[in-house]
Amino acid sequence: MKKRKLIQVIRFVVLLMISALWALPLLWAVWSAIRPSKMVTKFDFTPVLSVENFKYVFELWDFFTYLKNSVILTFGVLAVQLFTATLGAYALARLNFAGKKLAQFIIMAHVVIPGGVLLMSNYLTVKSFGLLDHHLGVMVIYFGSSTGILLLRQCYKTIPQALEDAANIDGCNLFQSLWYLYIPCCRSAYLSFSIVSINFHWNNYLWPNVILNTQAKRSLPIGLALLTKVGGDAGPQWAYACAATLVVLAPLMIMFLLFQRQFMSSFISSGVK
C-alpha cells in the first residue's frame with residue numbers, strides 16, 4: 001500500500017512539473033502583457049501593471065481587420081468541411097461502391113502526410129486558377145478534411161442500419177436521413193471536429209502567408225508576426241506581441257474549456273488520434 005501511494009505521489013509531482021513547464025510561456029506572456037512595454041525585457045518582478053499594451057492592440061494595430069479575415073477564413077472552411085465530411089463519411093460507412101477500399105486508404109494516408117510536403121503543388125494549383133491573394137485561394141485546399149471524414153465515419157458506423165431503414169420507410173431521402181438521424185446522433189463528433197478545424201485554421205500561418213500579399217486581407221497570425229517588427233531599430237515590441245497573443249488565443253481557450261468533455265469523449269470513442 002505504501003509503495004503504491006509513493007508511486008502516485010511521484011507521478012503527481014512529475015505531472016505537476018510537466019504542467020508547469022507547459023504553462024511557463026503562457027504565464028510569461030500574461031505577465032509581459034500587463035506590464036509597461038519598457039519593463040518587459042528587464043529581469044524585474046516589481047508589480048507595476050498597465051493596460052497600454054492592450055490599448056495599442058485595439059487602437060493602433062489593425063486588430064479588427066485581421067479578426068474579420070480570420071473569421072472569414074476559419075468559418076468559411078468549416079462550413080464547407082462539415083458538408084463534404086458528412087457526405088464522405090456516409091459513403092464510407094454505408095455505401096458499397098467500386099474502389100471503396102482504395103478511397104479509404106487514400107484518405108487515411110492523407111492524415112499522415114505533412115501539409116508542408118504539398119505546399120508547392122498546392123501553390124501552383126491555386127495560381128493556375130488565379131486565386132493568389134484571395135481568401136478563396138487560402139480556403140479551397142482545405143474544403144475536404146480526411147480527419148473529419150474518418151471521425152464521422154466511425155461515429156456513423158455505431159448507428160444501427162435499422163434506424164436508417166425505418167427512416168426510409170417513413171419517406172426520408174438521403175439528406176433527410178442525414179439531417180434528422182445521423183447528424184443529431186453524432187453531435188459530439190461534429191463538435192469535436194469543429195473545435196479541431198477552428199483551432200487549426202485560426203492559428204494557420206504558413207499557407208495564408210504564402211497566398212495573401214495584401215495587408216487588408218491578412219489574418220491574425222500574420223498580423224501577429226508583423227507586430228513583432230513595429231519596433232524598427234529599437235527591436236521587437238514583445239509587450240505588444242504578448243498582449244495581441246492573449247487576445248488571439250482567448251476565444252480558443254474559452255471554447256476548449258467549455259467543450260473539453262465532449263471533445264475528449266468523441267475522439268476516444270472513435271479511435272481517431
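Residues numbered from 1 in each chain as written. Predicted model: local features only at pLDDT ≥ 70, side-chain atom pairs only at ≥ 80, totals over all residues. Heavy atoms only, no water.

## Some points on the overall build of the protein
As a reminder of what qualifies: Numbering of helices and strands runs from the N terminus, with a helix taken as a DSSP run of H or I at least four residues long and a strand as a DSSP run of E at least two residues long. Computation of the radius of gyration draws on C-alpha atoms, with the globule rule given as 2.2 Å multiplied by the number of residues to the power 0.38. Relative accessible area decides the class of each residue, using a 1.4 Å probe on protein chains only: under 20% of the type maximum gives buried, over 50% gives exposed, and in between gives partly exposed. Residues count as neighbours in contact if any of their non-hydrogen atoms are within 4.5 Å of one another.
Along the backbone of the protein there are 13 helices and 0 strands. Mapped from its N terminus to its C terminus, the protein presents α and β elements in the order α-α-α-α-α-α-α-α-α-α-α-α-α. Expected size for 273 residues packed as a compact globule is a radius of gyration near 19 Å; at 23 Å, the protein overshoots this value by more than 25%. On the principal axes, the C-alpha backbone points of the protein span a range of 70 × 70 × 35 Å. The buried share among the 273 residues of the protein stands at 38%. Look at the contacts in the protein between residues 6 or more apart in sequence, and 71% of them connect residues 24 or more apart.

## Overview of the packing of aromatic side chains
Inclusion rule: Two rings from Phe, Tyr or Trp (for Trp, the six-membered ring) form a pair when their centres sit within 6.5 Å of each other. Planes less than 30 degrees apart are called stacked, planes more than 60 degrees apart edge-to-face, and all others tilted.
According to the stated counting rule, one finds 9 aromatic pairs in the structure shown. Ring centres 6.3 Å apart and planes at 40° place the aromatic pair Phe58 and Phe64 in the tilted group. For Phe58, a relative accessible area of 38% translates into the label partly exposed. The class for Phe64 is exposed, based on a relative accessible area of 53%. Ring geometry for Tyr142 versus Phe200: centroids 5.7 Å apart, planes at 70°, classification edge-to-face. Taken together, the residues Tyr142 in the loop between helix H6 (135-139) and helix H7 (146-156) and Phe200 in helix H10 (residues 187-203) connect sequence positions 58 residues apart. The exposure class of Tyr142 is buried, given its relative accessible area of 16%.

## Notes on unusual backbone geometry
Unusually for a residue other than glycine, Asp133 sits at a positive phi of about 65°. With respect to the element layout, Asp133 can be found in the loop between helix H5 (119-128) and H6.

## Points about the environment of Gly148
Along the chain, the position of Gly148 falls in helix H7. Overall, the relative accessible area of 0% leaves Gly148 in the buried class. Through-space distance from the C-alpha of Gly148 to that of Ala189 is 8.8 Å; in sequence the pair is 41 residues apart.

## Observations concerning H10
Heads up, the rule is: For a helix, the expected span equals 1.5 Å multiplied by the number of residues minus one.
A rise of 1.5 Å per residue sets the reference length of H10, with its 17 residues, at 24 Å; its end C-alpha atoms lie 24 Å apart and thus fit the reference within 8%. Listed as buried for H10 are Ala189, Tyr190, Ser192, Phe193, Ser194, Ile195, Ser197, Ile198, His201 and Trp202.

## Regarding a nonpolar patch on the surface
Quick note on the threshold: Patch definition: residues above 30% relative accessible area lacking any salt bridge, with like charges linked at up to 9 Å and the nonpolar side chains Val, Leu, Ile, Met, Phe, Trp and Tyr linked at up to 5 Å. The Shrake-Rupley method, run with a 1.4 Å probe sphere, supplies the accessible areas, and residue values consider only the shown protein chains as cover. Salt bridge, as used here: a side-chain nitrogen of Lys or Arg that lies within 4 Å of a carboxyl oxygen of Asp or Glu.
Nonpolar side chains collect at one region of the surface, where Leu6, Ile10, Val14, Leu15 and Ile18 lie side by side and expose about 460 Å² of accessible area between them. Inspection of the secondary structure puts Leu6 in helix H1 (residues 2-33).

## Regarding the state of the cysteines
For the record, the criterion: Two cysteine sulfurs form a disulfide in these notes if their separation is within 2.5 Å.
Considering all chains together, one arrives at 1 disulfide under this definition. Here Cys155 connects covalently by a disulfide to Cys186, the sulfurs 2.5 Å from one another. One disulfide, between Cys155 and Cys186, carries an S-S torsion of -110° and so falls in the left-handed class. One end of the pair, Cys155, is in helix H7; the other, Cys186, is in the loop between helix H9 (174-185) and H10, with 31 residues separating them in the sequence. Residue Cys155 is classed as buried on the basis of its relative accessible area, which comes to 16%.

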